[in-house]
Amino acid sequence: MRLSQAHIKTLREAPSEAEIPSHVWLLRAGMIYKMASGIYGYMIMGWRTVRKIEQIVREEMDAAGAFEILMSPLQPADLWRETGRWSVYGPELWRLRDRHAREFCLSPTCEEVVTDIVRSEISSHKQLPLNLYHIQTKYRDEARPRYGIMRSREFIMKDAYSFDLNAEGLDESYRKMFDAYTKVFTRCGLDFFTVYADSGAIGGKDSEEFVALCDYGESDVVYCDACGFAATASQSDFKDAPASPSDEALEDVKEVYTPDVKTIEDVKNFLETTADKTMKALLFVVYKDSEDIGRDTAGADAEGADANGDKGAGVYEVSEYVCAFVRGDRELNMTKLVNALDVSEHLVEFADSSTMSEETGCVGGFTGPTRLRNCKIVVDSELVGLKNLIAGACKEGYHLTGVNYGRDYEADIVTDLKLARAGDPCPVCGAALKASRGIEVGQVFKLGTKYSEAMGATYRDEHMEEHHIVMGCYGIGVTRTMAAVVEQYHDDKGIIWPMSVAPYHAIVTLAKPDDEAALKMAEGIYEDLLANGVEAVLDDRDERAGVKFNDADIFGIPIRITVGRKYAEGIVEYKLRRESEMKEMTSADAVALATETVRAEV
Ligand code: ATP
Ligand code: MG
């Protein structure tokens, strides 16, 4: 590519909304462009990288025995009704109607469609196992699209679906996909680990996530150096810390005047105690499940929609109020709470105390478990064994001391609600856990027969007996992987692409484009690189050398060959983007070295 013809524009500064390195650099390099919130296009260099990641994915999927197909992103609602996910998926599902008012959605994932295909194509045990995948644009109307292509509303995903005779077959398919994913992310240059995960709206039991380490990742991951255990903080089981010494005598409950003492921090300071002697209350409203949730109801009555509009327009009926309690120094694990309540996540919402104070008696900043009514009380298991805690009195300006489980309050549900964090004991071996942040780039699920049962996908065995097909599903966020790579490979000057996913391998920078002889030499190097299979860019723009060097750094192309000051002596400068050192050599040597480096690293 000749840059003079491609007219790629780099930006001096990223728009202020770009908060994280991948968002900043992909915008500044002109690789992505924003069309609307969470909706991006890919420009010349950005699209090349997307296609390289896709190609790596394709090669590893094919090598693992999967077959590529293409399913439409436009999916009829009726298929989603068969599995019940038309309502379960909630407002993230992008719904629309055709001219005959028939309902469709834009695919966020393809279990329904692929199961529909397989139930019509597969009937005999001889046709299994089968693994079908595609690389397709997905749509999710995320509540909070952010970080550019990291969490967007339209993104490219590779999704694969395995179909097996039985659970053993599924184990084998799952293992193959797990291994293929390990190869994909390794080839993309990512530093990642795998964790057991919550399988969310997709359902099923066994699932692992591939998490790329990055400072701005949305997953908190805890891991154990001692035994190799790793899990997302929200999924990690917990070894309860030992309760207070059992010989501690039960105190009487006392009401203390605590004006303006609302947070755990305030309570700690005012009552001169430690946070682990207090109880933290978190309020939630659970809504009734309804087909209306998330339906495209433009112009519909918005009454009842929550204040921040997370649920889109629609009418919501409260199913129940919930108050969850954890020890004051702990954080609540939302996944565990939702699982304990046994409802879909999108039906559970944080509540302002004023929304539910009349019905339940809670008081903002002063909510405790002893005087609540009409409210499901969910208590973290750790609290049951702790004595003489401090809790809100459900009365403005008052707390209670000497609060004990069993004597002073009881729970509707006692369960582990804690978010794991660094220093907590490893659930496997008890050693102290470490914590880090990461972003999920891929996930593998054992679905079992959830979808084949709901949709009637069966096969006949050799005795003509009918069985449900056993399924797995496997996703890779192609465009999110691109963002994760930039998160791990950048400096303060721009991107530093690993060779395997770089849009181009080498850039030939012509310092003085108006010098005929220098131009000729640069063109010669460019042609030689292309002839050797090195994907090259020729920066022949009419720009100052400084501008070109800055742009080359922003683009992050791994090898730069500069035709500069010494070109008349046949000498060029050779520099790797990831190193600061620059070498001088003949143009022939530069071409040879570049060729060798690319062959070794791709
Ligand atoms: P998350 O928990 O981040 O919302 P998910 O678990 O809902 O993701 P999956 O259904 O497992 O996502 O989708 C498979 C892959 O698609 C994910 O591992 C991720 O890489 C990618 N992905 C999911 N949502 C988005 C998004 N909004 N933007 C970009 N990529 C995404
Ligand atoms: Mg996932």
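Residues numbered from 1 in each chain as written. Chains lettered and ligands numbered in written order. Predicted model: local features only at pLDDT ≥ 70, side-chain atom pairs only at ≥ 80, totals over all residues. Heavy atoms only, no water.

Draft legend 1. Structural detail: the overall build of the chain. Secondary structure assignment for the chain yields 16 helices and 31 strands. Referenced to the eigenvectors of the C-alpha coordinate spread, the extents of the chain come out at roughly 95 × 70 × 55 Å. Relative to its full complement of 602 residues, the chain shows a buried share of 53%. Contacts spanning at least 24 positions in sequence make up 72% of the contacts within the chain whose residues lie at least 6 apart. Per element, the accessible surface of the chain, about 26500 Å² overall, is 48% carbon and sulfur. The centroid of the 69 positive side-chain charges in the chain is displaced by 3 Å from the centroid of its 103 negative side-chain charges. (Helix = DSSP H or I, 4+ residues; strand = E, 2+ residues; numbered from the N terminus. Buried < 20%, exposed > 50% of the residue type's maximum accessible area, 1.4 Å probe, protein only. Contact = heavy atoms within 4.5 Å. Areas by Shrake-Rupley, 256 points an atom, 1.4 Å probe, with all protein chains shown as cover. Lys, Arg positive; Asp, Glu negative; His and termini not counted. Charge placed at Lys NZ, Arg CZ, Asp CG, Glu CD.)

Draft legend 2. A look at the environment of leucine 419. Take leucine 419: it is sitting in the loop between β20 (413-415) and β21 (434-448). The exposure class assigned to leucine 419 is partly exposed, which follows from its relative accessible area of 24%. For the pair leucine 419 and tyrosine 409, spaced ten residues apart in sequence, the C-alpha separation works out to 23 Å.

Draft legend 3. Molecular detail of the site of ligand 1. Taken together, 14 residues form the shell around ligand 1, and within it Arg140, Glu142, Arg151, Ser152 and Glu440 come nearest. Between ligand 1 and the protein, one listed contact pairs a nitrogen atom with a backbone N or O atom of methionine 150 at 3.4 Å. Glycine 477 is positioned such that a nitrogen or oxygen atom in its backbone is 3.2 Å from an oxygen atom of ligand 1. With the chains in place, 84% of the 580 Å² that ligand 1 exposes on its own is no longer accessible. The set of elements that each furnish at least two residues to the shell around ligand 1 consists of β8 (154-164) and β21. Counting residues per element, the shell around ligand 1 draws most heavily on β21, which supplies four residues. Considering only residue class, the shell around ligand 1 consists of five nonpolar, four polar and five charged. (Near = heavy atom within 4 Å. Polar contact = N/O pair within 3.5 Å; in protein donor to acceptor, adjacent residues only side chain to side chain. Nonpolar A, V, L, I, M, F, W, Y, C, P; charged D, E, K, R; others polar.)

Draft legend 4. Broad picture of the pattern of salt bridges. Under the counting rule described, the total for this entry stands at 50 salt bridges. Here arginine 187 ties to glutamate 59 by a salt bridge, and the two come within 2.8 Å at their closest N and O atoms. Note that arginine 187 is positioned in helix α7 (residues 167-187) and glutamate 59 in helix α3 (residues 44-63), a separation of 128 residues in sequence. With a relative accessible area of 34%, arginine 187 lands in the partly exposed category. Here arginine 187 ties to glutamate 60 by a salt bridge, and the two come within 2.8 Å at their closest N and O atoms. Here the residue arginine 187 occupies a position in helix α7, and glutamate 60 occupies one in helix α3, the gap between them amounting to 127 residues. Each of Arg327, Asp329, Arg330, Glu382, Arg421 and Asp424 takes part in salt bridges that share partners, so that together they form one network. (Salt bridge = Lys/Arg side-chain N within 4 Å of Asp/Glu carboxyl O.)

Draft legend 5. Spatial organisation of unusual backbone geometry. Residue leucine 128 is joined to proline 129 through a cis peptide bond whose omega torsion reads 0°. As for its position among the elements, proline 129 is in the loop between α6 (111-121) and β7 (130-139). Of note in the backbone geometry, alanine 101 takes a positive phi value of approximately 65° without being a glycine. Its place among the elements puts alanine 101 in the loop between β5 (94-97) and β6 (103-106). Owing to a relative accessible area of 47%, alanine 101 belongs among the partly exposed residues under this scheme.

Draft legend 6. View of the environment of serine 236. Topologically, serine 236 is positioned in the loop between β12 (230-232) and β13 (254-257). Residue classification places serine 236 among the buried positions, given a relative accessible area of 1%. A sequence separation of 191 residues divides serine 236 from proline 427, and the C-alpha atoms of the two residues are 7.7 Å apart. Filtering out sequence-adjacent residues up to four positions away, serine 236 remains in contact with Val222, Phe229, Ala231, Lys336, Asp416, Ala420, Pro427 and Leu433.

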